[in-house]
Amino acid sequence: MLEVVNGFLLVYFIVLCTISALVPTLVKPIVACFSGASHEERTAWSELLKLKEVQKGISMKDEFAAYSKLQRKINKLESELKENRSSRMSKSLAIIGSVHIVLQVVVALLIVISVIWFRREPIVALKGDLFPLSTVLRYPSDMPNAISTHVWVLITNLSVRTLLKPILS
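I will try to describe carefully the structure that is included in this document. In this text the structure is predicted, and so the values were computed from the model without any measurement. (Residues numbered from 1 in each chain as written. Predicted model: local features only at pLDDT ≥ 70, side-chain atom pairs only at ≥ 80, totals over all residues. Heavy atoms only, no water.)

**Things to note about the overall build of the protein chain**
Scanning the protein chain from N- to C-terminus turns up 5 helices and 3 strands. When the helices and strands of the protein chain are placed in sequence order, the string is β-α-α-α-β-α-β-α. Dimensions of the protein chain, computed from the C-alpha atoms along their principal axes, are close to 95 × 25 × 25 Å. Taking all 169 residues of the protein chain together, 28% fall into the buried category. Partitioning the contacts of the protein chain with sequence separation of at least 6, the portion at a separation of at least 24 is 71%. Roughly 11700 Å² of accessible area belongs to the protein chain as shown, and the carbon and sulfur atoms make up 68% of that amount. Of the charged side chains in the protein chain, 20 are positive and 13 negative; the average position of the first set lies 3 Å away from that of the second. (Helix = DSSP H or I, 4+ residues; strand = E, 2+ residues; numbered from the N terminus. Buried < 20%, exposed > 50% of the residue type's maximum accessible area, 1.4 Å probe, protein only. Contact = heavy atoms within 4.5 Å. Areas by Shrake-Rupley, 256 points an atom, 1.4 Å probe, with all protein chains shown as cover. Lys, Arg positive; Asp, Glu negative; His and termini not counted. Charge placed at Lys NZ, Arg CZ, Asp CG, Glu CD.)

Quick look at the structure:
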């Protein structure tokens, strides 16, 4: 029923379409490498935890001045951490958007260039007569009952996205 004419292109386009479908999933680990907490932020966090431990050991009634002094330091560190976190999150969102767009464009360009480059190469040949569809499926190839790269990429892209949809959601 199905004869593989060009196995390399078959696998090549399946891999490209799979990468294209997985780009949103691949973006998260890539961005995690660039948007982690800075050394200063981790130091401030550890200092905040130490100050809270010290504050737990101080009686609020007996040593009110020391307690309130520690509370002011804690409040200051918390506000700094909150500002740093919000700026890091906005930078992270910008990086996520940029990386997502760049990866999608690179994969799309690779697919388009490959389809143009191998436009006359049939990928798969079907046995039997597909009279009404044979011209559309094989265009621009000359091999009868063949599926060209254009149609193969459309079929593969649709199939891969449909198969990965339950896994990725």
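**Overview of the packing of helix α2 (residues 39-57) against helix α3 (residues 64-117)**
Where α2 contacts α3, the two axes come as close as 10 Å, and the packing angle between them is 155°. One finds that α2 runs roughly antiparallel with respect to α3. Like other packed secondary-structure pairs, α2 and α3 cross with a definite hand, here left-handed. Contacts from Glu 41, Ala 44, Trp 45, Glu 47, Leu 48, Leu 51, Lys 52, Val 54 and Gln 55 of α2 reach α3 at Tyr 67, Leu 70, Gln 71, Lys 73, Ile 74, Leu 77, Glu 78, Leu 81, Asn 84, Arg 85 and Arg 88. In terms of residue class, the contact of α2 with α3 is made up of 10 nonpolar, 3 polar and 7 charged. (Axes fitted to C-alpha atoms, helices over the stretch in contact; angles between N-to-C directions. Parallel < 35°, antiparallel > 145°, perpendicular 65-115°, else oblique. Left-handed = near helix turned anticlockwise from the far one by under 90°. Nonpolar A, V, L, I, M, F, W, Y, C, P; charged D, E, K, R; others polar.)

**Topic: the environment of Ala 108**
In this fold, Ala 108 is placed in helix α3. Spatially, the C-alpha atoms of Ala 108 and Ala 21 are 11 Å apart, while their sequence positions differ by 87 residues.

That's the geometry; what it means functionally is another story.
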